[in-house]
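Residue strings, one per chain:
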Amino acid sequence: MSTNSGEGHGPLSHTLEPIFKIQFGLDHHSVGVSYLRGKGELGEELDQLLRFWHIDREQVIEIIEGNSSVGHSKLFSSTHNVDTIEAITRSFSMARRSFAPRTAEYYFTSLWLNESFSHTVGDEFWRLKDTVYHVIINGLAGRFMDSVAQSYMKTNLDAFSDA
């Protein structure tokens, strides 16, 4: 499994990815790169979009792998990356059935687009992330739901394929 957090995740990917890795040899990173290289139906659609907009697929792959120094590539590989900011605020909002203290857009803009980095905003985001990890992801309910989802997937693997 990739340690880089800049790639996109499918539904329940952190929960089910270990099983998919064992069963199919797949993780979100390898699947994303496969799509970027035009594989599968989604990859074909993505290939058309990349060609239409004249986007260099290898440069995109370098960015999500953290091997690029182009432009804003750190937006996908730093500790305050786009994926993490979006996932933490969404997770908090979904679990608490209320909005996170601030939106993903607020944190993104404050941490990346403002000329002066605000340590106050950075500290606020880390507190929110800590809450999400301790209460939601690693809390009793989160661990229980992971166990249920993994058990279901192991029992029903024959209904899935790596295609």
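Located above this text is the structure these notes cover.
So, a few notes on the structure that sits alongside this text. (Residues numbered from 1 in each chain as written. Predicted model: local features only at pLDDT ≥ 70, side-chain atom pairs only at ≥ 80, totals over all residues. Heavy atoms only, no water.)

**Concerning the overall build of the chain**
So, step 1. Helix and strand counts for the chain come out as 8 helices and 0 strands.
So, step 2. Counting from the amino terminus, helix and strand elements in the chain follow one another as α-α-α-α-α-α-α-α.
So, step 3. Evaluated residue by residue, the chain yields a buried proportion of 31% over its 163 residues.
So, step 4. If you take every contact in the chain between residues at least 6 apart in sequence, the share linking residues at least 24 apart comes to 53%. (Helix = DSSP H or I, 4+ residues; strand = E, 2+ residues; numbered from the N terminus. Buried < 20%, exposed > 50% of the residue type's maximum accessible area, 1.4 Å probe, protein only. Contact = heavy atoms within 4.5 Å.)

**Focus: the packing of helix α1 (residues 13-24) against helix α8 (residues 140-155)**
So, step 1. Across the interface, α1 lies against α8 with an axial gap of 9 Å and an inter-helix angle of 30 degrees. The crossing of α1 and α8 is right-handed. Contact residues: α1 offers T15, L16, I19 and F20, while α8 offers D146, A149, Q150, M153 and K154.
So, step 2. Looking at the contact of α1 with α8, its residues break down into 5 nonpolar, 2 polar and 2 charged. (Axes fitted to C-alpha atoms, helices over the stretch in contact; angles between N-to-C directions. Left-handed = near helix turned anticlockwise from the far one by under 90°. Nonpolar A, V, L, I, M, F, W, Y, C, P; charged D, E, K, R; others polar.)

**Considering a nonpolar patch on the surface**
So, step 1. Together, L49, F52, W53 and I55 give the surface a local cluster of nonpolar side chains, amounting to about 480 Å² of exposed area.
So, step 2. With respect to the helices, strands and loops of the structure, I55 is situated in the loop between α3 (40-52) and α4 (57-64). (Patch = residues over 30% accessible without salt bridge, like charges linked within 9 Å, V, L, I, M, F, W, Y side chains within 5 Å. Areas by Shrake-Rupley, 256 points an atom, 1.4 Å probe, with all protein chains shown as cover. Salt bridge = Lys/Arg side-chain N within 4 Å of Asp/Glu carboxyl O.)

**Focus on the nonpolar core**
So, step 1. Residues I85, I88, F92, A104, Y107, L111, V121, F125, L128 and V132 constitute the largest nonpolar core, which totals 10 residues.
So, step 2. For this core, the secondary structure elements donating two or more residues are α5 (82-96), α6 (104-113) and α7 (119-137).
So, step 3. Per element, the largest residue contribution to this core is 4 residues, and it comes from α7.
So, step 4. Core analysis: the next-biggest nonpolar cluster, separate from the first, contains 6 residues, L16, I19, M153 and L157 among them. (Core = buried A, V, L, I, M, F, W, Y, C linked by side-chain atoms within 4.5 Å.)

**Quick notes on the packing of α6 against α7**
So, step 1. Taken N-terminus to C-terminus, the directions of α6 and α7 make an angle of 140 degrees; their axes are 10 Å apart at the nearest point. When the axis of α6 is compared with that of α7, the two are oblique. The hand of the α6/α7 crossing is left-handed. In this structure, α6 contributes Y106, Y107, S110 and L111 to the contact, and α7 contributes V121, G122, E124, F125 and L128.
So, step 2. Along the lines of polarity and charge, the residues of the contact of α6 with α7 split into 6 nonpolar, 2 polar and 1 charged. (Parallel < 35°, antiparallel > 145°, perpendicular 65-115°, else oblique.)

**A few points about the packing of aromatic side chains**
So, step 1. Scanning the entire structure with this criterion turns up 5 aromatic pairs.
So, step 2. Plain terms: the ring middles of F52 and W53 are 5.0 Å apart, the flat faces sit at 85 degrees to each other, and that makes the pair edge-to-face. Each member of the pair, F52 as well as W53, is classed as exposed.
So, step 3. Here Y106 and Y107 contribute two aromatic rings whose centre-to-centre distance is 5.6 Å and whose plane-to-plane angle is 70 degrees, an arrangement assigned as edge-to-face.
So, step 4. By relative accessible area, Y107 is classed as buried at 0%. (Phe/Tyr/Trp six-rings, centres within 6.5 Å; stacked < 30°, edge-to-face > 60°.)

**Let's talk about unusual backbone geometry**
So, step 1. Of note in this structure, H54 is not a glycine but carries a positive phi near 55 degrees.
So, step 2. Within the secondary structure, H54 sits in the loop between α3 and α4.

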